[in-house]
Amino acid sequence: MGFDLPGLLAERSGQGYDLHARYLNPQRPRMLHAIGFDKVYERAEGAYLYDADGRRYADFLSGFGVFGIGHNHPVVRKALHDVLDAELASMVQFDCALLPGLLAERLLQYAPGLDRVYFCNSGTEAVEAAIKFARYATGRTRILYCDHAFHGLTTGSLSVNGATEFRTGFNPLLPDTRLPFGDLDALDAELCKGDVAALIVEPIQGKGVAVTPPGYLAGAAALLRTHGSLLICDEVQTGMGRTGRFFGYQHEGVDPDIVTVAKTLSGGFVPVGATMARGWIFEKVYSSMDRVLVHDSTFGSNAAAMAAGLATLAVIEDEQLVANAERAGEAMMRALEELAGRYEMLADVRGRGLMIGMEFGKPDSLKLRTSWNMLQKARRGLFAQMVVVALFHRHAILTQVSGDHMEVIKLLPTLTIGDDEVAMFTEAFDAVMKDAHRGGGLIWDFGRSLIKQAVTR
Ligand SMILES: Cc1ncc(COP(=O)(O)O)c(C=O)c1O
């Protein structure tokens, strides 16, 4: 039969949507057709995607944060070619390969206070390990999490998901307790019950781009320590420079007990996740030779993922991407805050580094209020969707609504963007806002067609 990848890609080009409709999650092509996002992308480089007609799109979604260092970075591509050419003995299982050791050594340099790493294949797996490690190390069962939290969708991670729409129909899950976001009194009340293994928290929540209130992480860390419970910082989205520090928790000067990472560590190529923890936690979980495989993953530590991770860290250092995220993020925030002063429906701009949320709110003027109310009645989040669609169709910028039923757009560009991309985005967003605040025209027409779809689905 033989296998010819370039030939296969050329022969079946353009059939992706039909194949998904027939064989994969059928709602994905349906949703993409509905909002006109059904492009066929042929190529990606740096901060940009290119469709079959050669049109360029600025990627401000970056695969939900996977492309921190940009698409198809040449350094990671070379590392992957090299690792394949080396014909290494990978995933032998009964050996101690070099690459996982090297990546663990490098990664831990960014997380003083943490001593060991467990490698797996995704963000949710990193969270699963964190939950198991915390429960075993403390001998307690309950994990606390925050309202609107997102930590992945496998069963353990789903147990600490703060959105009902993800959980419905999958109960019963693990024993858990949802806390109001940023509420230290509620945390203290739960800790006093004495059965809490850990609090898991995103330094900036991906859903809605909610930054932990100043002092919350430090206060939580102190309370948790007092009660013998652990702090798990989920850095799957915020980690590896995204917020302008290597880890999001470093803005607050706290020392978590367990930290999870994934996404950017992959270099945008090879699925990977990592759970970093204090040494004593690993010593408890892996306390004897009998327990060597008590938590493990066949594909974790595979050579391609480890090589991609090492190359990615080298790129982050060489291109000073953490500092760039801080600089570009501040420039973007300044420009967007200026727009917030001009457009009444732009209610809030928030975030850190290159994780930025823009929240829309009810207008004061009567003319706009009628249209706004019409959208809200049909479904909360439609105005934000309207803006995302306008940015895409008119300005070739890919963004996302930051969670179901939220009037928030999230910007998650590659950490490589500079002044050109900041200017391009703010000019485009300004034009879309100007149009929306005129109260009529194309953008609201599209809103009405979204309502029809929302009502008929
Ligand atoms: C904070 C956080 N944790 C965990 C996950 C799950 O990661 P994955 O999709 O790789 O399982 C995500 C994914 O978006 C995330 O943002």
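Going by the structure above, here's the rest.
Residues numbered from 1 in each chain as written. Predicted model: local features only at pLDDT ≥ 70, side-chain atom pairs only at ≥ 80, totals over all residues. Heavy atoms only, no water.

Caption draft 1: Spatial organisation of the site of the ligand. Close to the ligand lie Ser122, Gly123, Thr124, Phe150, His151, Gly152, Glu202, Asp234, Val236, Gln237 and Lys263, which account for all nearby residues. Residue Gly123 places a main-chain N or O atom 2.8 Å away from an oxygen atom belonging to the ligand. Backbone polar atom of Thr124 to an oxygen atom of the ligand: 2.8 Å apart, as the coordinates give it. In isolation the ligand exposes 390 Å². Once the protein is present, 80% of that is buried. In terms of residue class, the shell around the ligand is made up of two nonpolar, six polar and three charged. (Near = heavy atom within 4 Å. Polar contact = N/O pair within 3.5 Å; in protein donor to acceptor, adjacent residues only side chain to side chain. Areas by Shrake-Rupley, 256 points an atom, 1.4 Å probe, with all protein chains shown as cover. Nonpolar A, V, L, I, M, F, W, Y, C, P; charged D, E, K, R; others polar.)

Caption draft 2: Seen up close, the packing of aromatic side chains. Under the definition given, this model contains 16 aromatic pairs. Arranged with centres 5.2 Å apart and planes meeting at 75°, the rings of Phe133 and Phe282 form a pair that is edge-to-face. Remark: Phe282 occurs in helix α12 (residues 279–285) and Phe133 occurs in helix α7 (residues 123–138); sequence separation between them is 149 residues. Phe282 shares its class with Phe133; the two are buried. Geometrically, the ring pair formed by Phe150 and Phe166 is edge-to-face, given 5.4 Å between the ring centres and 65° between the ring planes. You can see Phe150 sitting in the loop between β5 (142–146) and α8 (155–158) and its partner Phe166 sitting in helix α9 (residues 164–167), a full 16 residues away along the chain. Assessed through its relative accessible area of 25%, Phe166 is described here as partly exposed. Among the aromatic residues, ring-to-ring pairing joins Phe60, Phe360, Trp372, Phe383, Phe425 and Phe429 into one connected group. Against the face of Tyr50 rests Arg43, its NZ or CZ located 4.2 Å from the ring centre. (Phe/Tyr/Trp six-rings, centres within 6.5 Å; stacked < 30°, edge-to-face > 60°. Helix = DSSP H or I, 4+ residues; strand = E, 2+ residues; numbered from the N terminus. Buried < 20%, exposed > 50% of the residue type's maximum accessible area, 1.4 Å probe, protein only. Lys NZ or Arg CZ within 6 Å of the ring centre and 35° of its normal.)

Caption draft 3: Region of the structure containing the state of the cysteines. Counted according to the given criterion, the structure contains zero disulfides. Here Cys120 stays unpaired: no disulfide links it, and the sulfur of Cys233, its closest cysteine neighbor, is 17 Å away. Classification of Cys120 by relative accessible area gives buried; the value is 1%. Cysteine Cys233 shares no disulfide, and the gap to the nearest cysteine sulfur, in Cys146, comes to 11 Å. (Disulfide = S-S within 2.5 Å.)

Caption draft 4: Here's a closer look at the layout of surface pockets. Approximately 1000 Å³ is the volume found for the second largest pocket. Along the wall of the second largest pocket there are 32 residues; nearest its centre are Asp95, Cys96, Pro100, Asp296 and Ser301. Every element with two or more residues in the lining of the second largest pocket is listed here: α6 (98–108), β4 (116–120) and α12. Per-element tally for the lining of the second largest pocket: the top contributor is α6, with six residues. (1 Å grid on protein atoms, 1.4 Å probe; cavity = no way out; pocket = protein on both sides within 12 Å on 5 of 7 lines; lining within 4 Å. Points joined across faces, edges and corners; volume = space filled by probe spheres on them.)

Caption draft 5: Representation of the pattern of salt bridges. Scanning all chains against the criterion turns up 17 salt bridges. Bridged by salt links that share partners, the residues Arg142, Glu190, Lys193 and Asp195 form one connected network. (Salt bridge = Lys/Arg side-chain N within 4 Å of Asp/Glu carboxyl O.)

Caption draft 6: Representation of helix α10 (residues 184–191) in the model. Turning to α10, its buried residues are Ala186, Leu187, Glu190 and Leu191. All buried residues of α10 fall inside an arc of 135° around its axis, so they share one side. For α10, the side-chain oxygen to backbone nitrogen distance between the N-cap and Asp185 is 3.0 Å, and the N-cap itself is Asp183. (Arc of directions from axis to C-beta.)

Caption draft 7: Representation of the side chain of Asp430. Relative to the helices and strands, Asp430 resides in helix α17 (residues 419–438). Here Tyr343 takes part through its side chain, which lies 2.5 Å from a polar atom of the side chain of Asp430. Non-local contacts of Asp430, meaning those with residues more than four positions away in its chain, are made with Leu339, Arg342 and Tyr343. (Contact = heavy atoms within 4.5 Å.)

Caption draft 8: Here's a closer look at the packing of α6 against helix α13 (residues 303–318). The contact between α6 and α13 brings their axes to 9 Å, and the two run at 30°. One finds that α6 runs roughly parallel with respect to α13. For the element pair α6 and α13, the recorded crossing hand is left-handed. Where α6 abuts α13, its residues Leu99, Pro100, Leu102, Leu103, Arg106 and Leu107 lie against Ala303, Met306, Gly309, Leu310, Leu313, Ala314 and Glu317. Its residues assigned to classes, the contact of α6 with α13 shows ten nonpolar, one polar and two charged. (Axes fitted to C-alpha atoms, helices over the stretch in contact; angles between N-to-C directions. Parallel < 35°, antiparallel > 145°, perpendicular 65-115°, else oblique. Left-handed = near helix turned anticlockwise from the far one by under 90°.)

Caption draft 9: Structural detail: the pairing of β5. Within β5, five of the five residues are buried, which leaves the element mostly enclosed by the surrounding structure. Covered by surrounding structure in β5 are Arg142, Leu144 and Cys146 together with Ile143 and Tyr145, the residues of both alternating faces. Looking at chain direction, β5 and strand β7 (residues 196–201) are connected through three bridges and run parallel. Across the sheet, Leu144 pairs through a bridge with Leu199, a residue of β7. The pairing of β5 with strand β6 (residues 176–179) spans four bridges and is classified as parallel. (Pairing = 2+ DSSP bridges.)

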